[in-house]
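Structure assessment
Each chain is listed here by its residues.
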Amino acid sequence: MPTTADIGLEAAGMPAVTLLVGARGLTRQRNAILERLDGFDLVCFLDDDFVVGDGYLAAMEQAFLRDAGLAGATGVVLADGITGAGYSFADAERVLAAARSPEVSTSEVYSAYGCNMVFSVSAVRQEGLRFDESLPRYGWLEDVDFSRRIARFGSLGRVADALGVHLGVKGGRQSGLCFGYSQIANPIYLVRKGSYVWHRAAWLMSRNVAMNLLRSARPEPHVDRRGRLAGNAAAFADLLRRRLDPERIDSLS
């Protein structure tokens, strides 16, 4: 279980910082933050491998000040290591240093990207919104689910001058088998729940299964394609047996 021992000495010693320790699981930990929002207007969620550019938070604040109807926002990811072997902090610093100053604008998006997202606290409170704890561990697609539910209370945008790099660190992530199961179980669960639409879910599932099939013969060194493919198969088998459930990954590992 997560404990205060997991917190680095630098973070523990920072002034005016409140440290929260939530139960294991991304959605549970994010909910622990949502329970402590008294006196705040915005809440920002950043993955521990997301490197923000200078002025990221100021750009987000200004975006919400410009548009009172903005319920949630995400920044511009200049480089995303989650789609490849990943980046180092030095890589991120080089990318951010080379980035040109973008124009100040906000464009509409379907959902915020989980590695960096900001929400209006008043929109969160309108219906007591929380992240779905039925999406365990890394809670894949929890960002889409929360974004689409908060979108009932305002718009969602990408803030052009809020820049960052997602390192996509590979260590510590869940097994290929479990993630492959989530690639099928989570989209179908969200469609049934009403926070995702079928055509998006079908495209996402078919793309992931196709990639796992095509690359399983010669998988990338940083991706367990065969494990993911086995997880996909287990999920489809559970779908046929009518027992498909995102929380089943806890019994697979």
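Here's a quick rundown of the structure.

What counts and how
Residues numbered from 1 in each chain as written. Predicted model: local features only at pLDDT ≥ 70, side-chain atom pairs only at ≥ 80, totals over all residues. Heavy atoms only, no water. Core = buried A, V, L, I, M, F, W, Y, C linked by side-chain atoms within 4.5 Å. Buried < 20%, exposed > 50% of the residue type's maximum accessible area, 1.4 Å probe, protein only. Helix = DSSP H or I, 4+ residues; strand = E, 2+ residues; numbered from the N terminus. Contact = heavy atoms within 4.5 Å. Axes fitted to C-alpha atoms, helices over the stretch in contact; angles between N-to-C directions. Parallel < 35°, antiparallel > 145°, perpendicular 65-115°, else oblique. Left-handed = near helix turned anticlockwise from the far one by under 90°. Nonpolar A, V, L, I, M, F, W, Y, C, P; charged D, E, K, R; others polar. Patch = residues over 30% accessible without salt bridge, like charges linked within 9 Å, V, L, I, M, F, W, Y side chains within 5 Å. Areas by Shrake-Rupley, 256 points an atom, 1.4 Å probe, with all protein chains shown as cover. Salt bridge = Lys/Arg side-chain N within 4 Å of Asp/Glu carboxyl O. Pairing = 2+ DSSP bridges. Expected span 1.5 Å × (residues − 1). Bend = angle between axes of the 7 residues up to and from the residue. Phe/Tyr/Trp six-rings, centres within 6.5 Å; stacked < 30°, edge-to-face > 60°. Lys NZ or Arg CZ within 6 Å of the ring centre and 35° of its normal.

Some thoughts on the nonpolar core
- With 18 residues, the main nonpolar core has L141, Y181, I184, Y196 and L244 as its most contacted residues.
- Secondary structure elements with two or more residues in this core: α7 (176-193) and α8 (198-215).
- Here this core takes 7 residues from α7, the largest share from any one element.
- By size, the runner-up hydrophobic cluster in this structure holds 17 residues, among which are V109, A112, M117 and L156.

Focus on the side chain of S182
- Checked against the element boundaries, S182 lands in helix α7.
- Overall, the relative accessible area of 3% leaves S182 in the buried class.
- Residues in contact with S182, not counting those within four places in the same chain, are W140, Q174, P187 and I249.

Here's the deal with the side chain of N208
- The residue N208 is located in helix α8 in this model.
- When residues no more than four places from it in sequence are discounted, the contact partners of N208 are W140 and Q183.

Notes on the packing of α8 against helix α9 (residues 225-240)
- Contact geometry of α8 with α9 gives a least axis separation of 9 Å together with a crossing angle of 135°. The angle between the axes of α8 and α9 places the two elements in the oblique class. Once α8 is placed against α9, the crossing between them reads as left-handed. On the side of α8, the interface is formed by V209, M211, N212, L213 and R215, while α9 contributes R225, R228, L229, N232 and F236.
- Of the residues assigned to the contact of α8 with α9, the class counts are 5 nonpolar, 2 polar and 3 charged.

Observations regarding the environment of L20
- Looking at the element boundaries, L20 is found in the loop between α1 (9-12) and α2 (26-34).
- For the pair L20 and R30, spaced 10 residues apart in sequence, the C-alpha separation works out to 10.0 Å.
- Among all residues touching L20, those that are not within four sequence positions of it are A32, I33 and R36.

A look at a nonpolar patch on the surface
- A grouping of M14, V17 and L19 is seen on the molecular surface, where their side chains present a nonpolar patch of about 250 Å² in accessible area.
- Mapped onto the fold, M14 is located in the loop between α1 and α2.
- Here M14 falls in the partly exposed class, since its relative accessible area comes to 46%.

A closer look at the pairing of strand β6 (residues 155-166)
- In terms of burial, β6 is a largely internal element, 10 of the 12 residues being buried.
- Summarising the sheet, strand β3 (residues 70-80) and β6 pair through 8 bridges and their orientation is parallel. If you follow V77 over to β6, its bridge partner there is G164.
- Pairing between strand β4 (residues 106-108) and β6: 3 bridges, direction antiparallel.

Some remarks on α7
- The end-to-end C-alpha distance of α7, which contains 18 residues, comes to 25 Å, matching closely the 26 Å that a straight helix rising 1.5 Å per residue would cover.
- The sharpest bend along α7 measures roughly 30° and falls at S182.
- Across the 18 residues of α7, 14 count as buried, placing the element largely inside the fold.
- One or two positions beyond α7, positive phi appears at G194, with a value near 100°.

A word on the pairing of strand β5 (residues 116-120)
- Burial analysis of β5 places 5 of its 5 residues in the buried class, which makes it a mostly covered element.
- Burial along β5 is two-sided: the face carrying N116, V118 and S120 and the face carrying M117 and F119 are both buried.
- Bridging between strand β1 (residues 42-46) and β5 involves 5 bridges; their strand directions are antiparallel. Each bridged residue has a counterpart across the sheet, and for V43 the counterpart in β5 is F119.

Quick look at the packing of aromatic side chains
- Under the definition given, this model contains 7 aromatic pairs.
- Each ring, one from F131 and one from F146, has its centre 4.1 Å from the other, and the planes form 15°; the classification is stacked. Of this pair, F131 sits in the loop between α5 (121-126) and α6 (142-150) while F146 is found in helix α6, placing the two residues 15 residues apart along the sequence.
- Residue classification places F146 among the buried positions, given a relative accessible area of 0%.
- Ring pairing ties together the aromatic residues F45, F119, F131 and F146, which thus form one cluster.
- A cation over an aromatic ring shows up here: R30 above the ring of F131, its NZ or CZ 5.7 Å from the ring centre.
- The ring centre of Y110 lies 4.3 Å from the NZ or CZ of R148, which sits over that ring.

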